[in-house]
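# Coordinate inspection notes
Residues per chain are reported as follows:
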Amino acid sequence: MSLRDRISSELKAAMKAKEATKLATLRLINAAIKDREIAARGEGGPTELTDADLVAVLTRMVKQRRDSARAYEEAARLDLAEKELAEIEVIESFLPRQLDAEEMAQAVDAAIKELGASSVRDIGRVMGALKTRYAGQMDFGKAGALVKARLA
């Protein structure tokens, strides 16, 4: 079952179960997907997004909500922060499992070894390989710092 089909079936299930938070979040996901499709059409790209494109959209949505939740917590608006965190939980249920720190370190070491990277100049190649293999599965900010530390 494709990611888009999973989202649609979850949307229907949330409607039937009258889960307001989940339903609202799934509608936000559908709106973000439609926006991305419209933008792709304007750029002359494909009319239908692949699962990898959908994972990128969902990852961006999670990042936006984390930033918002942090801002709300700093402003002492815990009610809004909780809403954002609830949305993150729903969105992350559609993303692939995230690699933990140890698995990320192993993936970085494997990519460095496979590419024969030996200096800081090779960071871009290593990060490119990681992004193609582990899209949506790791935090590339942390991975970049790890690659830099390994190659420095």
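Residues numbered from 1 in each chain as written. Predicted model: local features only at pLDDT ≥ 70, side-chain atom pairs only at ≥ 80, totals over all residues. Heavy atoms only, no water.

## Considering the environment of R125
Relative to the assigned elements, R125 resides in helix α6 (residues 123-133). Look at R125 and you get partly exposed, because its relative accessible area is 46%. Taking the C-alpha atoms as reference points, R125 and M15, separated by 110 residues in sequence, lie 45 Å from one another. (Helix = DSSP H or I, 4+ residues; strand = E, 2+ residues; numbered from the N terminus. Buried < 20%, exposed > 50% of the residue type's maximum accessible area, 1.4 Å probe, protein only.)

## Let's talk about the environment of R70
Its place among the elements puts R70 in helix α3 (residues 51-74). Relative accessible area serves as the criterion here: at 44%, R70 is assigned to the partly exposed category. Taking C-alpha positions, R70 is 17 Å from G141, a pair spaced 71 residues apart along the chain.

## Notes on the side chain of E37
Along the chain, E37 falls in helix α2 (residues 20-42). At a separation of 2.5 Å, a polar atom in the side chain of E37 contacts the side chain of R4. (Polar contact = N/O pair within 3.5 Å; in protein donor to acceptor, adjacent residues only side chain to side chain.)

## Some remarks on the packing of aromatic side chains
Under the counting rule described, the total for this entry stands at zero aromatic pairs. A cation over an aromatic ring shows up here: K131 above the ring of F140, its NZ or CZ 5.8 Å from the ring centre. (Phe/Tyr/Trp six-rings, centres within 6.5 Å; stacked < 30°, edge-to-face > 60°. Lys NZ or Arg CZ within 6 Å of the ring centre and 35° of its normal.)

## A look at the side chain of E84
Examined against the element boundaries, E84 turns out to sit in helix α4 (residues 78-92). The charged side chain of E84 is buried without a salt bridge, its nearest counter-charge being R65 at 4.3 Å. Setting aside residues up to four positions removed in sequence, E84 forms contacts with R65, S68, A69 and Y72. (Lys, Arg positive; Asp, Glu negative; His and termini not counted. Salt bridge = Lys/Arg side-chain N within 4 Å of Asp/Glu carboxyl O. Contact = heavy atoms within 4.5 Å.)

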